[in-house]
Amino acid sequence: MPVSSVWLIVICQLITLAIGYDRHKDHIASVQEAEEAASRRCHYDLHQLWSHEVGHSPFAATPLITDVDADGRVDIVAASFTEALTVVDGETGKQLRDGYWPVQFTDRCFHSSPLQFDIDGDGMLDILLTTSAGELLFYAKNGQLLQDYTFTIPAVHVRRDWFTQVVTISHTSVHDFILDDPSQTQDPVYISVDPHVLATPALADVNHDGIVEELVVPVSYYYDSHDYRLLEKLHTLFNVSEEDVDKYLVSAVVNVNLTSLQVLHTVHLDLTQASAVFPGYLLATPTVIDLDSEGGPLEIVVGTGAGNLHVVESSGAHRKGFPVSTNSLTSQVVVAELLGDGRLQLVTVDPSGNVACHNREGQLVWEAEVSGPVISGMRLSDINGDGKVDIVITTQEGSIHVLSGDSGSELSGWPVTLGFPVTANVLISRLSKLTPHSVDMIILTDDGSIHLVSSDHHCRKHIPIGETSLVQVLSHDLISQSEGLELLIATKDGTLLCFGVGYGHVQSLSDNGGSVEDKVHSVPADLKTYNDFYYGQNKTGIVITNHLPGITDVSSTSFYLSYKITGIPKSTGEFHIKVYFGRHLLAQASHSHPGEYFITVQSWLTPSHGHVTVVLTNHHGQVYQDSMSVRFHRVSLQDLQWLLCGPFLAILILLLILHGFPAKDLLPMTMPFKQR
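Notes on the structure follow.

Rules and cut-offs
Residues numbered from 1 in each chain as written. Predicted model: local features only at pLDDT ≥ 70, side-chain atom pairs only at ≥ 80, totals over all residues. Heavy atoms only, no water. Pairing = 2+ DSSP bridges. Helix = DSSP H or I, 4+ residues; strand = E, 2+ residues; numbered from the N terminus. Axes fitted to C-alpha atoms, helices over the stretch in contact; angles between N-to-C directions. Core = buried A, V, L, I, M, F, W, Y, C linked by side-chain atoms within 4.5 Å. Buried < 20%, exposed > 50% of the residue type's maximum accessible area, 1.4 Å probe, protein only. Contact = heavy atoms within 4.5 Å. Salt bridge = Lys/Arg side-chain N within 4 Å of Asp/Glu carboxyl O. Phe/Tyr/Trp six-rings, centres within 6.5 Å; stacked < 30°, edge-to-face > 60°. Patch = residues over 30% accessible without salt bridge, like charges linked within 9 Å, V, L, I, M, F, W, Y side chains within 5 Å. Areas by Shrake-Rupley, 256 points an atom, 1.4 Å probe, with all protein chains shown as cover.

One open sheet holds the three strands; their spatial order is β37-β39-β42, and the pairing between them is antiparallel. Here the strands that pair on one side only, and so sit at the sheet edges, are β37 (541-544) and β42 (595-602). Shown here is a sheet whose adjacent strand axes are inclined to one another by a mean of 30°, direction ignored. In the sheet, strand β39 (residues 558-566) pairs with β42 via eight bridges, with the strands oriented antiparallel. Bridging across to β42, Y563 finds its partner in Y597.

Right, here's the structure in full:
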């Protein structure tokens, strides 16, 4: 080949490489520009504001964001799986100084989130902590255990030989093998099996008497070898051999009246062996709701590991058409209006990713399937902005699936793959005022990164923080100087982390007591209330609007309480309002549409300090609430104290004017420096 031809080929190759290099540079620049543009569209600058170490064990349940001591400041109640329960200030992350915090534990563990209930009736909401061993522990605002109100779920009594022929008992035959009358516990045919609570109970007004005092507890009865240290102890106590330890497993919902601390009824659901293919554990919070949408008593909806969807009436009887046979259920059953027909539907998802929707009679409406194992459950939102409810599911494969609530079909553009496993539920909120027509999904993956994905796909951002978690991220207005919501993460190593999300927060709509939008879109616990699964635009909610941050003092016999009901106006049903002081009902009203209202509330008669809570209930029995800190007649009491001291001070001043100071000391004195 001539030299000129060789040089021509070399020159052509160099030109090609140069052109390719330029194109590669252009491609890299375009990708960087796209990433920078996406980052600019996200408007988030995630940064850690504070951290607090509660213990060294992971959080098995979400903390509770609330005002513990009714001082008008936001607190965080957190219990790690073992070790400690504590309360920290939401503003600073520092532990509350006044009191006994933290409360240390050496022999207890917790699968349940903290709740609040006024157990002693003084108007102050106390902290309710349910241990994994079935104990109900109540703590005052200063961390002192209210020993007189401690309660333990009773054990169940099962036939010793029930498993000789089968490994699972059908629901209709459970009572043939379980002793319903505790007075017959001496019967040697039956043995006592220990209660365990592996999920957060639901506190609700189940019997619809106007008092929120029924605690619906999901209980799994079995023998835990860790409780006895040596299996020989089981044999000594119950005459149970080591081979038979795993053959006793009962699931039940126990309805406890917290005012009287008595069990109203126990409904046994499934009886299986722990070694069964589908063991009958209860691993999720019961959903308590009015399935008939008639404004009456509530039903209890729960799925068991044995593969049964149960619906229990307030009386303790099973609802007609239930239980429905399904695959094993380990997450909470979602109940909401999905079809737009004014009726409630029940949605379940099993660990294999099978999703099923049933109507309130137990009939199948649709079925679907998502790829990857599911352990975290579901959330509801309007993802594509069409005005319909969608179902959001995260999988351990690291995907976010969005299904249409009326058909179960996957929405266009979904699923979104995150690349790493997800073990907790997705937080759906709205963090930015610059994206008013979309919601934000916040997820912590197992690689230690927070992922922020907007429902319109305009924002997708992941930020490494080096921490992982078993529970859902929470959102709330924790920092008063920072506009909008902050994120709270409870980690696997027992640490609480508070993150700010930058400058693009929700715009405040009210100057009284913080932003209305912030309160509606905040998620202070795993669920905002025990049956509120929906997050998004036009969300139903209630916000108190007439008090400033801090404590409200009331000295009159009554006071005006103003509030705003948010959401889309609907023609079906009414909004029922109840105002409580602690657990005491003070006032109630009804409204037909969202809007701003006020109500006259009778003051508590004696000088008191506690929580006033406004509870909104719609025709489905779905609950929304807001609270404020109130002192009743404390200012008058202080004035009265000064009036009582006034005459003594006046006489003292008069005597000093007339007689001057006494020449000698009125009381004996010693001079230790003088010598005799």
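Moving on, there is more to tell.
Among the nonpolar cores identified, the biggest contains 54 residues, and V355, I391, W414, M441 and L487 are the most heavily contacted of them. Residues within four places of W414 in sequence aside, it is in contact with I383, I400, V402, M441, V453, S454, S455 and H457. L136, V250, V254 and V256 belong to the second largest nonpolar core, which has 38 residues in total.

Let's shift gears to the pattern of salt bridges. Using the criterion set out here, one finds 13 salt bridges in the structure. A salt bridge links R319 to D292, with the nearest nitrogen and oxygen atoms 2.7 Å apart. Residue R319 is located in the loop between β20 (308-312) and β21 (324-325), and its partner D292 is located in the loop between β18 (287-289) and β19 (299-303); the two are separated by 27 residues in the primary sequence. A relative accessible area of 9% means that R319 is categorised as buried. Of the charged contacts in the structure, one is a salt bridge between K388 and D406, with a shortest N-O distance of 3.6 Å. Residue K388 is found in the loop between β26 (378-381) and β27 (390-394), and its partner D406 is found in the loop between β28 (399-404) and β29 (416-417); the two are separated by 18 residues along the sequence. Here D406 falls in the partly exposed class, since its relative accessible area comes to 30%. Via salt bridges that share partners, D292, E313 and R319 belong to a single interconnected network.

Turning our eyes to something else, we now look at the sheet that holds β28. Reading across from one edge, β26-β27-β28-β29 is the order of the four strands in this open sheet, with antiparallel pairing throughout. The open sheet terminates on both sides in strands that have one partner only, identified here as β26 and β29. Note that β26 and β27 share four bridges and pair antiparallel. Note on β27: the bridge partner recorded for S381 is D390.

Evaluation of the coordinates by the stated rule reveals ten aromatic pairs. For the ring pair Y223 and Y248, a centre distance of 6.0 Å and an interplane angle of 80° mean the geometry is edge-to-face. With Y223 in the loop between β15 (214-221) and α2 (225-228) and Y248 in the loop between α3 (231-238) and β16 (249-257), the pair connects residues that are 25 residues apart, well separated along the chain. On the basis of an interplanar angle of 50° and a centroid distance of 6.0 Å, the ring pair of F559 and F632 is categorised as tilted. Taken together, the residues F559 in strand β39 and F632 in strand β44 (residues 623-632) connect sequence positions 73 residues apart. For the pair shown, F559 and F632 are each scored as buried.

Judged by side-chain polarity, I653, L654, I657 and L658 come together as a nonpolar surface patch covering roughly 440 Å² of accessible area. Within the fold, L654 resides in helix α5 (residues 634-659).

To continue, consider the pairing of β15. Among the eight residues in β15, eight count as buried, and that is most of the element. Burial along β15 is two-sided: E214, V216, P218 and S220 and L215, V217, V219 and Y221, pointing in opposite directions, are all buried. By the bridge criterion, two bridges tie strand β13 (residues 195-196) to β15 in an arrangement that is antiparallel. Among the inter-strand pairings, P195 is bridged to a residue of β15, identified as Y221. Sheet topology places strand β14 (residues 202-204) next to β15; three bridges connect them, and they run antiparallel. Bridge pairing in β15 links A204 to E214. Bridge analysis of β15 against β16 gives eight bridges, and the strand direction is antiparallel. Its bridge partner lying in β16, Y221 is registered against V250.

Function cannot be read off these values alone, since they describe shape.
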